[in-house]
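As a plain string of letters, each chain reads:
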Amino acid sequence: MKLILDDDYRYLTDFVRDRTGIVIGGDQEYLLVTRLSPIIQRLGIPGYIGLVQLLRSGKCDSAIITELTDAMTTNESLFFRDGKPFEVLAEKILPDLMRKRAASRRIRIWSAACSTGQEPYSIA
């Protein structure tokens, strides 16, 4: 069952993309629901329709916009926060690289967009 109307979904995903660069696909309603529902409840507005109306009105407090943006971003730098990528790295990617680079015994890994730099240490 859809909780967000199509037009409101598009508006919210555009809002998130414009402020964070995060692209939310058409099948990721659950992401908006789980992250924005607590804010909607706290504000006491009538669901996602009310949230979109508030944002479109131009009368939305900047603190609320910041709160919505923070809710949609992952504010944790630890590489292990999501087990699947680390599992793939440890069980597939690294063994393949080690085999291919056995002669040089050197592997270089680039970790892009590290907010605090913890990811390279986690990989190491």
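Look up: the structure comes first, before these words.
This section reports on the structure supplied with the text.

1. Observations concerning the nonpolar core
In this structure, Leu 12, Leu 32, Leu 36 and Leu 68 are the most contacted members of the largest nonpolar core, which totals 20 residues. Listed by contribution, the elements that provide at least two residues to this core are α1 (6-20), α2 (29-43), α3 (47-57) and α4 (62-72). Looking at this core, the element that brings in the most residues is α2, giving six residues.

2. Some points on the packing of aromatic side chains
Taken as a whole and judged by the stated rule, the model has zero aromatic pairs. Of note, Lys 2 hangs over the ring of Tyr 9, and the distance from its end group to the ring centre comes to 5.8 Å.

3. Notes on α1
Every α-helix winds through 3.6 residues per turn, so residues three or four apart in the chain are directed the same way. Over its 15 residues, α1 runs 21 Å from end to end, which matches the ideal 21 Å to within 8%, given 1.5 Å per residue. Three or more residues of α1 are buried, namely Asp 8, Tyr 9, Leu 12, Thr 13, Phe 15 and Val 16. Along the axis of α1, the buried residues cluster in a sector spanning 150°; they form a single face. Those residues of α1 that are exposed and angled more than 90 degrees off the buried face are Asp 7 and Asp 18. In this structure, the buried residues of α1 make contact with α2, α3 and α4. Note on α1: the residue one or two positions beyond its end, Gly 21, has a positive phi of about 85°.

So, how was this worked out
Position numbers for residues count from 1 along each chain, tracking the sequence in the order it is written. Thresholds applied to this predicted model are a pLDDT of at least 70 for local features of residues and 80 or more for the giving and counting of side-chain atom pairs; totals over whole chains, interfaces and linings are not thresholded and use all residues. Excluded from the side-chain calculation are hydrogens and water; included are all heavy atoms of the structure. Each nonpolar core is a collection of buried residues, namely Ala, Val, Leu, Ile, Met, Phe, Trp, Tyr and Cys, held together in the definition by side-chain atoms within 4.5 Å. When accessible area is computed with a 1.4 Å probe and restricted to protein chains, residues below 20% of their type maximum are described as buried, those above 50% as exposed, and intermediate ones as partly exposed. The helix count covers DSSP runs of H or I at least four residues long, the strand count covers runs of E at least two residues long, and both are numbered beginning at the N terminus. Only the six-membered ring of Trp is used, alongside the rings of Phe and Tyr, when aromatic pairs are assigned; centres must lie within 6.5 Å, and planes under 30 degrees apart are stacked while those over 60 apart are edge-to-face, with the rest tilted. A ring is scored as having a charge over it whenever the NZ atom of a lysine or the CZ atom of an arginine sits within 6 Å of its centre and within 35 degrees of its normal. Given a helix with a known number of residues, its expected span is that number minus one, times 1.5 Å. In this description, the arc belongs to the directions extending from the helix axis to the C-beta atoms. By definition, residues are in contact when any of their heavy atoms lie within 4.5 Å.

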